[in-house]
Amino acid sequence: MIYYTADLHLGHENAIKFDQRPFACVEEMDEALIRNWNARVTDRDRIYIAGDLIFRSKRAPEWYLERLRGIKYLVIGNHEQAILKSERALRYFEDVGKMMYVKDGKNHICICHFPLAEWNGYYRGHYHIFGHIHASRNRAFRIMREEPRAFNAGCMLYQYRPVTFEELALRRQKNCGGLE
């Protein structure tokens, strides 16, 4: 199975307030996110993280990464400094890059942390999975809601758990790209 997620912000106290997350403290948030991840993802599953996995944590990235199941792929977001500075943390990933191209069943997907107006394969029916905007209704939100093959994988939109391509597509079909 293949899963997608973005913007977990593990260890980031301010993410609770910013996203109005339903957690009393960062420790509660971290444990819930890890539990939700591991309830879905097995050690054989691939999981693509569209950026901002860990930010401003008092814990080393390895503390989280050794607890998270799956074959992990990290698409670099704007808050990956702790991971990128740690050779040990980088070993937990099958691949790390600014952008990735994935085939999930018959679907070709471009993954980037940032929402793109056009992506590789855009004119050939390929999809785009992104993060970065969380649940904001900003300019990027308004632009991306016009793109029927662009999916926001922000964890806050999916009960703080990784999701499949089919779940992203279903949310998009129901309410403008999982952006609302």
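Structure first, text after, so check above.
Residues numbered from 1 in each chain as written. Predicted model: local features only at pLDDT ≥ 70, side-chain atom pairs only at ≥ 80, totals over all residues. Heavy atoms only, no water.

**Student:** Quick rundown of the overall build of the protein chain? Include the residues and the values.
**Tutor:** A count of helices and strands for the protein chain gives seven helices and eight strands. For 180 residues, the compact-globule formula gives about 16 Å, and the C-alpha radius of gyration of the protein chain, at 15 Å, lands near that figure. Along the longest, intermediate and shortest principal axes, the C-alpha atoms of the protein chain span 40 × 30 × 30 Å. Per-residue burial over the protein chain gives 53% buried out of 180 residues. In the protein chain, once contacts between residues fewer than 6 apart in sequence are set aside, the share between residues at least 24 apart is 59%. Of the roughly 8800 Å² of accessible surface on the protein chain, 48% is carried by carbon and sulfur atoms. Placing the 28 positive and 23 negative side-chain charges of the protein chain at their respective mean positions leaves the two points 3 Å apart. (Helix = DSSP H or I, 4+ residues; strand = E, 2+ residues; numbered from the N terminus. Rg over C-alpha atoms; globule rule 2.2 N^0.38 Å. Buried < 20%, exposed > 50% of the residue type's maximum accessible area, 1.4 Å probe, protein only. Contact = heavy atoms within 4.5 Å. Areas by Shrake-Rupley, 256 points an atom, 1.4 Å probe, with all protein chains shown as cover. Lys, Arg positive; Asp, Glu negative; His and termini not counted. Charge placed at Lys NZ, Arg CZ, Asp CG, Glu CD.)

**Student:** Explain the sheet that holds strand E8 (residues 150–152) to me, and be specific about the residues and the numbers.
**Tutor:** Reading across from one edge, E5-E6-E7-E8 is the order of the four strands in this open sheet, with mixed pairing throughout. This sheet does not close on itself; its edge strands, each paired only once, are strand E5 (99–104) and E8. Neighbouring strand axes in the sheet, compared pairwise and without regard to direction, differ in orientation by 25 degrees on average. Pairing geometry for strand E7 (residues 127–130) and E8, over three bridges, is parallel. Across the sheet, residue Ile-129 finds its bridge partner in E8, namely Phe-151. (Pairing = 2+ DSSP bridges. Axes fitted to C-alpha atoms, helices over the stretch in contact; angles between N-to-C directions.)

**Student:** Go over the pattern of salt bridges, please, and point to the residues and values.
**Tutor:** Following the criterion strictly, the structure yields five salt bridges and no others. Here Arg-67 makes a salt bridge to Glu-31, at a shortest N to O gap of 2.8 Å. Of this pair, Arg-67 sits in the loop between helix H3 (61–65) and strand E3 (71–75) while Glu-31 is found in helix H2 (residues 26–40), placing the two residues 36 residues apart along the sequence. With relative accessibility at 29%, the residue Arg-67 sits in the partly exposed group. The partly exposed category is assigned to Glu-31, whose relative accessible area is 32%. A salt bridge links Glu-167 to Arg-161; the shortest N-O distance between them is 3.6 Å. (Salt bridge = Lys/Arg side-chain N within 4 Å of Asp/Glu carboxyl O.)

**Student:** Go over the sheet that holds E3 with me, naming the residues and quoting the values.
**Tutor:** Strand order in this open sheet of four strands is E1-E2-E3-E4, and the pairing throughout is parallel. Either end of the sheet is taken by a strand with one partner, and the two such strands are strand E1 (2–5) and strand E4 (93–97). This sheet shows a mean twist of 15 degrees between the axes of neighbouring strands, independent of strand direction. The pairing of E3 with E4 spans four bridges and is classified as parallel. Of the residues in E4, the one forming a bridge with Leu-74 is Val-96.

**Student:** Got a sec to walk through the environment of Glu-146? Specific residues and values, please.
**Tutor:** Tracing the backbone shows Glu-146 in the loop between helix H6 (139–144) and E8. The class of Glu-146 is exposed, set by a relative accessible area of 60%. Through-space distance from the C-alpha of Glu-146 to that of Ala-117 is 9.8 Å; in sequence the pair is 29 residues apart.

**Student:** Please provide a residue-by-residue account of the nonpolar core, values included.
**Tutor:** In terms of nonpolar packing, the biggest core is built from 45 residues, with Tyr-4, Leu-53, Ile-111 and Ile-129 touching the most fellow members. Elements that contribute at least two residues to this core include exactly E1, H2, strand E2 (46–49), H3, E3, E5, strand E6 (107–112) and helix H7 (165–175). Per-element accounting of this core gives the leading share, six residues, to H2. (Core = buried A, V, L, I, M, F, W, Y, C linked by side-chain atoms within 4.5 Å.)

**Student:** Please provide a residue-by-residue account of the packing of aromatic side chains, values included.
**Tutor:** To describe a pair of aromatic rings, one takes the distance between the centres and the angle between the planes. Applying the stated criterion to the full structure yields nine aromatic pairs. Measuring from centroid to centroid gives 5.3 Å for Phe-23 and Tyr-160, while their planes differ by 70 degrees, and the two rings are edge-to-face. A residue pair is termed long-range when its members are at least 10 positions apart, and Phe-23 in the loop between helix H1 (13–18) and H2 and Tyr-160 in the loop between E8 and H7 qualify at 137 residues. On the accessibility criterion, Phe-23 (12% relative accessible area) is buried. The interplanar angle of 85 degrees and the centroid separation of 4.8 Å between the aromatic rings of Trp-119 and Tyr-122 together place this pair among those described as edge-to-face. Like Trp-119, the residue Tyr-122 is buried in the burial classification. An aromatic cluster of three or more residues is present, and its members are Tyr-4, Tyr-48 and Tyr-73. (Phe/Tyr/Trp six-rings, centres within 6.5 Å; stacked < 30°, edge-to-face > 60°.)

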